[in-house]
Amino acid sequence: METVAQGGNLHLDISPRADGTIPMLQQERLVQMGDWLRTNGEAVYGTRPWIVPAEGPMVHSLNPHLDKDWKWTKTKQRPMVHYTRKGDAVYAICLAWPGRSLRLETPLTTPQTQVRMLDYPRPLSWQSARKGLVIQVPEMTVSDLPCRHAWTFKLTRLKKTDGP
């Protein structure tokens, strides 16, 4: 989500064997990504960066990648929330389950602000905070969760939804 939040493309790479078959582990990952995008694709497809790409506490996330000098490095932590936007909607994508509430400091609310979790049937309650807002996250069992990883909260009717 970090790349998408910074305006990059979501790119998946698979490595078929010489006979053209795709290894089972890669098939599994593609199916998992498809399941996640079925729920959260609205926060990825056709989106743009928002005012800030990310915020929140740092969460564990192992991410091997090439640095600017083309050397392998590992990011071991990243911000919990990554933002994208489309139209008047801002999407807060949480890399870790937020618990009973989610505090977002950057979004500026209006009395008309609405908050939804993608693939959850009802709007969520929220309160203005000194900075930003606090979203009341519904209690759910693991089987009730809309997806297995990275849950998306859609914010509409904010004071400012466009980029800098």
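Everything in this summary refers to the structure shown in the same document. (Residues numbered from 1 in each chain as written. Predicted model: local features only at pLDDT ≥ 70, side-chain atom pairs only at ≥ 80, totals over all residues. Heavy atoms only, no water.)

Right, let's talk about the overall build of the protein for a bit. Looking only at helices and strands, the protein has two helices and eight strands in total. Taking the principal axes of its C-alpha atoms as reference, the protein extends roughly 60 × 40 × 30 Å. Each of the 164 residues in the protein was classed as buried or not, and the buried ones make up 36%. Within the protein, residue pairs in contact and separated by at least 24 positions form 63% of the contacts whose partners lie at least 6 positions apart. (Helix = DSSP H or I, 4+ residues; strand = E, 2+ residues; numbered from the N terminus. Buried < 20%, exposed > 50% of the residue type's maximum accessible area, 1.4 Å probe, protein only. Contact = heavy atoms within 4.5 Å.)

What follows is about helix α2 (residues 24–40). For α2, with 17 residues, the first-to-last C-alpha span of 24 Å sits near the 24 Å given by 1.5 Å per residue. Where α2 is buried, its residues meet β3 (89–94) and β8 (151–156). (Expected span 1.5 Å × (residues − 1).)

What follows concerns the packing of aromatic side chains. Centre distance and the angle of the planes are the two values used to describe a pair of aromatic rings. Tallied over the entire structure, the rule returns two aromatic pairs. For the ring pair Trp50 and Tyr83, a centre distance of 4.9 Å and an interplane angle of 55° mean the geometry is tilted. Remark: Tyr83 occurs in strand β2 (residues 72–86) and Trp50 occurs in the loop between α2 and β1 (54–66); sequence separation between them is 33 residues. Ring geometry for Trp97 versus Trp151: centroids 5.1 Å apart, planes at 85°, classification edge-to-face. Of this pair, Trp97 sits in the loop between β3 and β4 (101–104) while Trp151 sits in strand β8; the two residues are 54 residues apart in sequence, bridging distant segments of the chain. Owing to a relative accessible area of 30%, Trp97 belongs among the partly exposed residues under this scheme. The buried category is assigned to Trp151, whose relative accessible area is 8%. (Phe/Tyr/Trp six-rings, centres within 6.5 Å; stacked < 30°, edge-to-face > 60°.)

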